[in-house]
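For reference, the chains in residue letters:
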Amino acid sequence: MFDNLSFKLDRAFKTLKGTGKITEINVATTVKEIRRALIDADVNYKVAKEVTDTIKTEALGRDVLISVSPGQLLVKITQEELTKLMGGTKEDISLKGDPNVILISGLQGSGKTTFSGKLAYHLKKQGRQVLLAACDIYRPAAIEQLKTLGEQIGVEVYAEPDNKNALEIASRAVEYAKKNGKKTVIVDTAGRLAVDEQMMNEISELKENLNPSETLFVVDSMTGQDAVNTAKTFDERLNFNGVVLTKLDGDTRGGAAISIRHVVDKPIKFISTGEKMENLDVFYPDRMAQRILG
Ligand code: GDP
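Conventions adopted
- Residues numbered from 1 in each chain as written.
- Predicted model: local features only at pLDDT ≥ 70, side-chain atom pairs only at ≥ 80, totals over all residues.
- Heavy atoms only, no water.
- UniProt positions renumbered as here; feature names shortened; annotations may be inferred.
- Helix = DSSP H or I, 4+ residues; strand = E, 2+ residues; numbered from the N terminus.
- Near = heavy atom within 4 Å.
- Polar contact = N/O pair within 3.5 Å; in protein donor to acceptor, adjacent residues only side chain to side chain.
- Areas by Shrake-Rupley, 256 points an atom, 1.4 Å probe, with all protein chains shown as cover.
- 1 Å grid on protein atoms, 1.4 Å probe; cavity = no way out; pocket = protein on both sides within 12 Å on 5 of 7 lines; lining within 4 Å.
- Sits in = over half its atoms within 2 Å of the grid points.
- Phe/Tyr/Trp six-rings, centres within 6.5 Å; stacked < 30°, edge-to-face > 60°.
- Buried < 20%, exposed > 50% of the residue type's maximum accessible area, 1.4 Å probe, protein only.
- Pairing = 2+ DSSP bridges.
- Axes fitted to C-alpha atoms, helices over the stretch in contact; angles between N-to-C directions.
- Contact = heavy atoms within 4.5 Å.
- Right-handed = clockwise from strand over helix to strand, strands pointing away.
- Expected span 1.5 Å × (residues − 1).

The name an unreviewed UniProt entry assigns to the protein is Signal recognition particle protein, from the organism Echinicola pacifica. UniProt's Catalytic activity (unreviewed entry) comment on the protein is quoted here verbatim: "GTP + H2O = GDP + phosphate + H(+)". Here the protein is described in UniProt, under the heading Subunit (unreviewed entry), as follows: "Part of the signal recognition particle protein translocation system, which is composed of SRP and FtsY."

Structure representation (structure tokens):
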């Protein structure tokens, strides 16, 4: 699918062997390869250019150790830069509140309902009592989908299929949780195919009234630049706390992770890697950097 960057850089750098230092001329040729690899991995051009400019400065004059090839050294520097750009270390979600509310936002089809189930399962495995609240009121199938997932993972789902007021449903779900010893309420919300005013008003109202400990924005990593634009629009309205990248099991390198972080400056907290409930991983910037570079 993709050529291995380390291999390509070694090839581009073979002239350097024996000189012991990375020079301006050598860097110029290889930085182009790095930039292309980043763009191939869906990192947007502007971000890719900024990264490679930093790498250039970092790499110049560095001694090449006998045991490390120049290509390997540049890959290492690139990996370090990408890791830094994605926040450096993993960031946990906040579970403050009794019960705490986690609000799930995003476009329709991004994987919100699936992720809600996965997060419930993830927290349940840590011993937490979780309640799922079905507030995707415009898509009756979403309520059924969440109920099916709930049954599969043994987590209760609060739903009011005939009610079209998301805030009422969510508020009663929180009451229900209090009475029944649930410590976390995960609120699955409605999405549309594109950003629309009614959806934004509804989710903003949920956020203002429910006082969630986390508002997560779910986005399909396969949608490239659109993912970045949608993230920006949602963040302007919602000021979310974290991002969930879905469908990373597909044919994508995950460069969206870098672009989104760069544009909205919010941490990515989870990645979703399949349709099954166990296909959820905590986001580690260094692992993603490795994946992007291949
Ligand atoms: P929603 O409309 O945002 O609630 O999206 P859904 O949760 O219904 O997901 C839309 C489709 O994407 C469904 O067919 C899911 O099974 C699928 N899906 C969700 N997450 C992933 C993922 O990480 N990988 C893959 N391959 N499919 C996913």
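Next, the rest of the story.
Engineer: Describe the UniProt feature "domain: SRP54-type proteins GTP-binding" (unreviewed entry) in the protein, naming the residues involved and giving the relevant values.
Structural biologist: Following the UniProt record, one finds the feature "domain: SRP54-type proteins GTP-binding" (unreviewed entry) at residues 267–280. The span residues 267–280 is 0% helical and 43% strand by assignment, and the distance between its end C-alpha atoms comes to 16 Å.

Engineer: Account for the site of the ligand, with residues named and values stated.
Structural biologist: Near the ligand, the surroundings consist of 17 residues, among which Gly109, Thr113, Thr114, Asp249 and Glu275 are the closest. The side chain of Arg139 places a nitrogen or oxygen atom 3.4 Å from an oxygen atom of the ligand. Isolated, the ligand exposes 580 Å² of accessible area, and the fraction of that covered by the protein chains is 80%. Put simply, the ligand lies in the largest pocket.

Engineer: Tell me about the packing of aromatic side chains, and please be specific about residues and values.
Structural biologist: Using the criterion set out here, one finds 4 aromatic pairs in the structure. Ring centres 5.0 Å apart and planes at 40 degrees place the aromatic pair Phe217 and Phe234 in the tilted group. Of this pair, Phe217 sits in strand 5 (residues 214–220) while Phe234 sits in helix 9 (residues 225–238), placing them 17 residues apart in sequence. Owing to a relative accessible area of 1%, Phe234 belongs among the buried residues under this scheme. Geometrically, the ring pair formed by Phe217 and Phe240 is stacked, given 5.1 Å between the ring centres and 10 degrees between the ring planes. Of the two residues, Phe217 is situated in strand 5 and Phe240 in the loop between helix 9 and strand 6 (242–246); the sequence distance between them amounts to 23 residues. Taking relative accessible area as the criterion, Phe240 reaches 1% and is therefore assigned buried. Taken together, Phe217, Phe234 and Phe240 form an aromatic cluster joined through their ring pairs.

Engineer: Break down the sheet that holds strand 4 (residues 184–189) for me, with residues and values.
Structural biologist: Reading across the sheet, the 8 strands line up as 3-2-4-1-5-6-7-8 and stay open at both edges, with mixed pairing between neighbours. The open sheet is flanked by strand 3 (156–158) and strand 8 (280–282), the only strands paired with a single partner. Across the sheet, the mean angle from the axis of one strand to that of its neighbour is 25 degrees, orientation sign disregarded. As judged from the 5 bridges shared by strand 1 (residues 100–106) and strand 4, these two strands associate in the parallel manner. Residue Leu103 lies in a different strand from strand 4, and its bridge partner there is Val187. Sitting on the sheet, helix 5 (residues 112–125) touches strand 1, strand 2 (130–135), strand 4, strand 5, strand 6, strand 7 (268–272) and strand 8, and the angle it makes with strand 4 is about 170 degrees. Running over the sheet, helix 6 (residues 140–153) touches strand 2, strand 3 and strand 4 and is turned about 165 degrees from strand 2.

Engineer: Could you give me a rundown of the pairing of strand 6, with the residues and numbers involved?
Structural biologist: Taken across its 5 residues, strand 6 has 5 buried, putting it largely inside the fold. Neither face of strand 6 is left uncovered, since the one carrying Gly242, Val244 and Thr246 and the one carrying Val243 and Leu245 both have all their residues buried. Pairing between strand 5 and strand 6: 5 bridges, direction parallel. Across the sheet, Leu216 pairs through a bridge with Gly242, a residue of strand 6. Where the polypeptide runs from strand 5 across helix 9 and back to strand 6, its parallel neighbour, the crossover connection is right-handed. Of the pairings in the sheet, the one linking strand 6 to strand 7 comprises 3 bridges and is parallel in character. Directly across from Leu245, in strand 7, lies its bridge partner Ile271. Crossover handedness for the path strand 6 to helix 10 (residues 256–264) to strand 7: right-handed.

Engineer: Tell me about helix 8 (residues 197–210), residues and numbers included.
Structural biologist: Compared with the 20 Å implied by 1.5 Å per residue over 14 residues, the 20 Å span of helix 8 between its first and last C-alpha is a close match. Listed in full, the buried residues belonging to helix 8 are Met199, Met200, Glu202, Ile203, Ser204, Leu206 and Leu210. Those residues of helix 8 that are buried lie in contact with strand 1, helix 7 (166–179), strand 4 and helix 9. In this structure Asp196 caps helix 8, since a side-chain oxygen of it lies 3.1 Å from the backbone nitrogen of Gln198. Of the residues one or two after helix 8, Asn211 is the one with positive phi, at around 50 degrees.

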